[in-house]
Amino acid sequence: MTASPNLVLIAGTGRSGSTLLGLMLGSAEGAFYLGEVAARYRPWRRHHFVLECRGCGGVCETWERLRDLPERGLHRGVARRLGVRHVVDSSKYLPWIWDSDRRARRQGLAVHHVAIWKEPEDLAYSIWKRGGPIGRWERVFASYYRRYFELGLPFVATSYRRLASEPEASLAALCAAVGVPYRPEMLRFWEQPHHHLFASANVRVGGGRPIRPTRLPPVFRDLWADQPPPRPATARLIEELRAREAADGAGPRAAAPARRLPPRWYFKARAVRAFQRFRPETWEPPSYRLEALAEPEDGATEAASGGGGVSCGP
Ligand SMILES: [Zn+2]
């Protein structure tokens, strides 16, 4: 291995398609997808205390080789032990992204950031169909991407809708922006073994299907039509994300000046997460509003996220 390893850190709200993107990038030649590995080191739900590979559905030989890696040596250690050139992490948790970026750079890794995002109505639908209020999308969206931008890290963006409607072109452009070699097999990620942790179980690896655009049912469209437009501050975040769309040829660029120290909310978020280790949540599967529509928005089969494993391809 001559060049230094490449760490790709995926950011995005819940239900943004980050697991799907992680599996695709992790299907590149010489790549390994970790899933939402931050939860292993900074747990906040009960199931985070169990090392369960989503690919193997439980005990996993790959993770047996990795399980003793400390947080500070994780990304570099994965590259060394598995002999991979690209390590993909879709933890999304912002303090983890900040810490991983700093640490990996100090250790000589190349670091690339990708933000995946859903159009407002698609994100609203993901929340609504799981029983949440239709208007919640804006708080989720705005608080996440505003903070992400404040980190001042250079990133490229990919819109889930764009990725789903023009998968080859979008993924190839994204790969070029993050230094990962593209190959068409990445779109059929389920044909390869994966060993990711904690990420969305909605994405079925075994017998998977290609990514496809979110289909909004008429009952939701009617509700959405009555929703107010996004606030100006949220609309600006959406514009920023669009301006960094990898499929339009955008290269990595920060949305705010680079900073030496993290923003103030980082310290509070870390403190809250450290406390959650001792008071972890129990994850409950969502109750879907429309069972018939629990057909997935992201090329997937609905299953209990955080619960049972997902078997990997042959
Ligand atoms: Zn495994």
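Everything below is about the structure shown above.
Procedures and definitions
- Residues numbered from 1 in each chain as written.
- Predicted model: local features only at pLDDT ≥ 70, side-chain atom pairs only at ≥ 80, totals over all residues.
- Pairing = 2+ DSSP bridges.
- Helix = DSSP H or I, 4+ residues; strand = E, 2+ residues; numbered from the N terminus.
- Axes fitted to C-alpha atoms, helices over the stretch in contact; angles between N-to-C directions.
- Buried ≥ 20, exposed ≤ 12 C-beta atoms within 10 Å, placed from the backbone.
- Contact = placed C-beta atoms within 7 Å.
- Core = buried A, V, L, I, M, F, W, Y, C linked by C-beta atoms within 7 Å.
- Expected span 1.5 Å × (residues − 1).

Let us look at the sheet that holds strand S5 (residues 156–159). Taken in spatial order, the five strands line up as S2-S3-S1-S4-S5 in an open sheet, and their pairing is parallel. Strands at the two margins of the open sheet, each flanked by one partner only, are strand S2 (31–33) and S5. On average, each strand axis in the sheet is inclined to that of its neighbour by 20°, with strand direction left out of account. As paired strands, strand S1 (residues 6–11) and strand S3 (residues 86–89) are joined by four bridges and run parallel to one another. Across the sheet, residue Leu9 finds its bridge partner in S3, namely Asp89.

With respect to the helices, strands and loops of the structure, Val88 is situated in strand S3. Val88 sits in the buried class, given 30 other C-beta atoms within 10 Å. Taking the C-alpha atoms as reference, Val88 lies 9.8 Å from Met24; in sequence the two are 64 residues apart. Excluding residues that lie within four positions of it along the chain, Val88 makes contacts with Val8, Ile10, Gly22, Leu25, Gly26, Ala31, Phe32, Tyr33 and Leu34.

Counting 73 residues, the largest nonpolar core has Val8, Leu25, Val88, Val114, Ala115 and Leu174 as the members making the most contacts within it. Of all the elements, helix H9 (residues 167–178) adds the most residues to this core, at six residues.

Across its 15 residues, helix H7 (residues 136–150) extends 22 Å between first and last C-alpha, which sits within 8% of the 21 Å expected from 1.5 Å per residue. If you follow the buried residues of H7, they end up packed against S1, helix H5 (94–106), strand S4 (110–117), helix H6 (120–129) and helix H11 (232–243). Positive backbone phi, at 70°, marks Gly152, one or two positions downstream of H7.

Right, let's talk about the environment of Trp96 for a bit. Within the element layout of this structure, Trp96 appears in helix H5. C-beta crowding within 10 Å serves as the criterion here: with 23 such atoms nearby, Trp96 is assigned to the buried category. Sequence spacing of Trp96 and Arg270 is 174 residues, and the spatial spacing of their C-alpha atoms is 8.9 Å. Contacts of Trp96, omitting those with residues within four sequence positions, involve Ala38, Arg42 and Ser91.

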